[in-house]
Amino acid sequence: MLTLVTGSRGRVGSALVSLLHRDGHAVRAASRNPGALSLPTGVPSLACDLGDPSTFAAALDGVDSVFLYAEPSHITEFLAAAQAAGVTHIVLLSSSSVLAPDAASNAIAASHHAVEQALTESSLTTTLLRPGAFAGNAYQWSESFRSGRPVDLPYPHSGTSPIDEADIAEAALAVLTDASLQDSAYHLTGPASLTVGEQVELLAAASGSHVTVEAVSRAAWKQAVSPFVPEAIAEALLDYQATTDGTPADVTDDIRRLTGRPARTFADWAATHAAAFRA
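An account of the accompanying structure is given in this report.

What counts, and where the lines are drawn
- Residues numbered from 1 in each chain as written.
- Predicted model: local features only at pLDDT ≥ 70, side-chain atom pairs only at ≥ 80, totals over all residues.
- Heavy atoms only, no water.
- Pairing = 2+ DSSP bridges.
- Helix = DSSP H or I, 4+ residues; strand = E, 2+ residues; numbered from the N terminus.
- Axes fitted to C-alpha atoms, helices over the stretch in contact; angles between N-to-C directions.
- Contact = heavy atoms within 4.5 Å.
- Salt bridge = Lys/Arg side-chain N within 4 Å of Asp/Glu carboxyl O.
- Buried < 20%, exposed > 50% of the residue type's maximum accessible area, 1.4 Å probe, protein only.
- Polar contact = N/O pair within 3.5 Å; in protein donor to acceptor, adjacent residues only side chain to side chain.
- Arc of directions from axis to C-beta.

Right, let's talk about the sheet that holds strand β9 (residues 185–188) for a bit. One open sheet accounts for seven strands, arranged β3-β2-β1-β4-β5-β6-β9; its pairing is parallel. Because the sheet does not close on itself, it has two edges, and the strands there are β3 (45–47) and β9. Put simply, the sheet's adjacent strands are angled 20° from each other on average, direction ignored. Note: strand β4 (residues 65–69) against strand β5 (residues 89–93), five bridges, orientation parallel. The residue of β5 that forms the bridge with S65 is H89. The strands touched by helix α4 (residues 110–120) are β4, β5 and β6 (125–131); relative to β5, the strand with the most contacts, the crossing angle is about 165°.

This is the structure we're talking about:
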């Protein structure tokens with residue numbers, strides 16, 4: 001059984017490639033730029049750009065299962081190529097944002113929602129992984145930590161249940177290799193709800209940094225992130241934080257259900273990655 005992992009440069013995809021290889025499963029790593037991949041010895045790689053259908057056939061040749069990122073632009077062509085190649089199972093890295101009532105139009109959820117719809121309407125066995133906020137999103141604050149500046153937050157009391165990307169990769173490993181777990185949807189979260197302000201405090205403790213939180217306006221935050229966050233995404237993120245301001249985030253037990261152990265805590269993630277937050 002050969003698994004194609006798309007997006008193998010990402011934190012989840014790269015970790016999944018290593019896990020599959022470690023456990024003796026045949027795996028092929030795919031990326032728009034396969035030459036930039038750092039892979040375990042013996043893992044083959046090739047180009048697969050989910051925005052370029054001309055790369056699909058070669059990437060899918062001989063593949064039985066796929067770990068797929070949610071790129072909707074050519075999902076119809078990708079599924080047709082997968083079926084032609086004999087693929088039987090696709091695991092989608094989706095998002096818990098699809099659970100929102102406005103998922104089809106929300107700037108954050110729309111791409112995931114569109115790919116989920118295409119998959120569920122196909123004849124392929126589909127497993128949906130719907131993680132919430134990634135623990136690695138905290139890297140956005142690393143420059144403030146290293147420079148000693150306050151961390152600017154528009155909604156410091158917004159609740160999240162950040163999940164370690166390593167847990168997502170282990171959940172993907174489980175559903176790719178255990179047929180009894182397939183053809184279902186899983187809402188993946190960390191083990192506890194934390195405000196974003198509490199996450200900053202845990203990072204400060206882990207890194208030994210003296211960093212404070214500064215509440216800023218929506219407009220100021222949107223201006224600060226404008227060089228790298230599109231306006232529609234920034235607005236959707238702000239709206240989400242506003243609706244969760246002062247409200248605990250959902251916490252599920254799906255990581256334990258899939259992996260047999262509890263999800264890693266954000267404090268553990270902070271301790272492991274503390275070096276990135278030290279001056």
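We now examine the pattern of salt bridges. For the structure on display, the rule yields 14 salt bridges. Across the salt bridge formed by R22 and D23, the nearest N and O atoms sit 2.7 Å from each other. Judged by its relative accessible area of 56%, R22 is exposed. The exposure class of D23 is partly exposed, given its relative accessible area of 38%. A salt bridge links R149 to E143; the shortest N-O distance between them is 3.9 Å.

Along the chain, the position of T189 falls in the loop between β9 and β10 (194–195). At a separation of 3.0 Å, a polar atom in the side chain of T189 contacts the main-chain amide nitrogen of T252. Setting aside its immediate chain neighbours within four residues, T189 contacts S161, I163, D250, V251, T252, I255 and A263.

As a further point, take helix α3 (residues 75–85). Those residues of α3 that sit buried are I75, F78, L79, A81 and A82. Down the axis of α3, the sector holding all buried residues measures 160°, keeping them to one side. Exposed residues lying more than 90 degrees from the buried face of α3 are T76 and A84. Among the structural elements, α2 (56–60), β4, β5 and α4 are those in contact with the buried residues of α3. Backbone geometry just after α3 places G86 at a positive phi near 90°.

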